[in-house]
Amino acid sequence: MALPRTTLATGVIVVAALLVGSAINAQLPDPDAIFSTPFEHPGGVGETITLRNARITVTGVDAAKELEWLDQVAVSAGVFLVVDVTYEPRGETSVLGSNARLVAADGREFGGRTPVSPACGPAQPGLPLACRLTLEVPPDVLAGAVLKVPAGIDTTLMDDVAVIDLGITPERASELGAASGRIVLPDETPVAG
């Protein structure tokens, strides 16, 4: 018994629609990934990045083998990367914590509190502070690294995250990685307006 042409045509159209729908569905992002991905705000040294709770500007990058703060000295097996930032809260008083992370070009992450880490804040809205973030890293991760600074407590949560290209070329990475001196860390200071 042969199928009528209209039934056969309908079957072909349904199969074609299923194939097209499957191809489209394969191109759509995973909803779980969308709802757990941070809102990244890219920038570079000297650019102000606005997050939901603060404005952050990286103004410089330095490195040292030793850090000193309040007569405490820490020595690194690698190098201490010292990032100068201007931090200005929005809306309410806040502190720039030690939750910044350095992400190497190969994806490895470094961060957390260093043995001597002055706090950046509490800062008042509209009154920016000049602070120094410190991260202990191996020298071989500096070239092409970016700094991630979350608005909240983590760089992986669905929240604002500043992603700052530190502009560290291979030549500059060699200089920073070979740093052998000591940096004395000041307390945060108000930025003159």
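For the structure, check the block above.
The structure contained in this document is the topic of the report that follows. Source: prediction; values computed, not measured.

Reading the values: rules and limits
- Residues numbered from 1 in each chain as written.
- Predicted model: local features only at pLDDT ≥ 70, side-chain atom pairs only at ≥ 80, totals over all residues.
- Heavy atoms only, no water.
- Helix = DSSP H or I, 4+ residues; strand = E, 2+ residues; numbered from the N terminus.
- Rg over C-alpha atoms; globule rule 2.2 N^0.38 Å.
- Buried < 20%, exposed > 50% of the residue type's maximum accessible area, 1.4 Å probe, protein only.
- Contact = heavy atoms within 4.5 Å.
- Areas by Shrake-Rupley, 256 points an atom, 1.4 Å probe, with all protein chains shown as cover.
- Lys, Arg positive; Asp, Glu negative; His and termini not counted.
- Charge placed at Lys NZ, Arg CZ, Asp CG, Glu CD.
- Core = buried A, V, L, I, M, F, W, Y, C linked by side-chain atoms within 4.5 Å.
- Pairing = 2+ DSSP bridges.
- Axes fitted to C-alpha atoms, helices over the stretch in contact; angles between N-to-C directions.
- Salt bridge = Lys/Arg side-chain N within 4 Å of Asp/Glu carboxyl O.
- Polar contact = N/O pair within 3.5 Å; in protein donor to acceptor, adjacent residues only side chain to side chain.

Looking only at helices and strands, one finds three helices and 13 strands in the protein. In summary, the protein has a C-alpha radius of gyration of 24 Å against a globular reference of 16 Å for 193 residues, an excess of more than 25%. Across the 193 residues in the protein, those meeting the buried criterion constitute 40%. Nonlocal contacts in the protein, meaning residues at least 24 apart in sequence, comprise 72% of its contacts between residues at least 6 apart. When the accessible surface of the protein is summed, it comes to about 10700 Å², and 58% of that surface belongs to carbon and sulfur atoms. Taken as two groups, the 12 positive and 23 negative side-chain charges of the protein have centres that lie 4 Å from each other.

A separate point is the nonpolar core. For soluble globular proteins, nonpolar side chains are generally found buried alongside one another. L147 and L166 are the most contacted members of the largest nonpolar core, which totals 37 residues. Put simply, the parts of the chain that give this core at least two residues each are strand 3 (54-69), strand 4 (72-89), strand 8 (120-123), strand 9 (129-137), strand 10 (146-150), strand 11 (160-165) and helix 3 (170-177). L147 has contacts with V58, V83, A100, R101, L102, L133, L135, A162, V163, I164 and L166, leaving out every residue within four places of it along the chain. Core analysis: the second largest hydrophobic core is formed by nine residues, A64, F80, V116 and L185 among them.

If you trace the five strands from one edge of the open sheet to the other, you get 1-11-10-6-7, paired in mixed fashion. Unpaired on one side and paired on the other, strand 1 (39-44) and strand 7 (109-111) mark the two borders of the sheet. Averaged over neighbouring strand pairs, the angle between their axes works out to 25 degrees when direction is ignored. Pairing of strand 1 with strand 11 involves six bridges; the strand directions are parallel. Bridge pairing in strand 11 places F39 opposite D160.

Under the definition given, this model contains nine salt bridges. Close ionic contact of R172 with E175 constitutes a salt bridge, the shortest N to O distance being 3.2 Å. With R172 and E175 both in helix 3, this residue pair falls three residues apart, about one helical turn. The exposure class of R172 is partly exposed, given its relative accessible area of 30%. It is possible to trace a salt-bridge network through shared partners that takes in E66, E68 and R182.

A separate point is the pairing of strand 4. The element strand 4 is extensively covered by neighbouring structure, given that 14 of its 18 residues are classed as buried. Here strand 3 runs beside strand 4; their pairing, made up of 14 bridges, is antiparallel. Directly across from A63, in strand 4, lies its bridge partner L81. In textbook terms, the turn of a hairpin is the stretch between consecutive antiparallel strands, and for strand 3 and strand 4 this stretch comprises two residues, one of which, L70, has a positive phi near 50 degrees. In terms of strand pairing, strand 4 meets strand 9 through nine bridges, oriented antiparallel. Bridge pairing in strand 9 links V85 to C131.

A few words on the side chain of K148. For K148, the position within the fold is in strand 10. Here the side chain of K148 touches E40 through a polar contact of 3.2 Å, side chain to side chain.

With that out of the way, let us pick up the environment of A16. Among the structural elements, A16 can be located in helix 1 (residues 5-27). Overall, the relative accessible area of 37% leaves A16 in the partly exposed class. Sequence separation between A16 and T114 is 98 residues; the distance between their C-alpha atoms is 59 Å.

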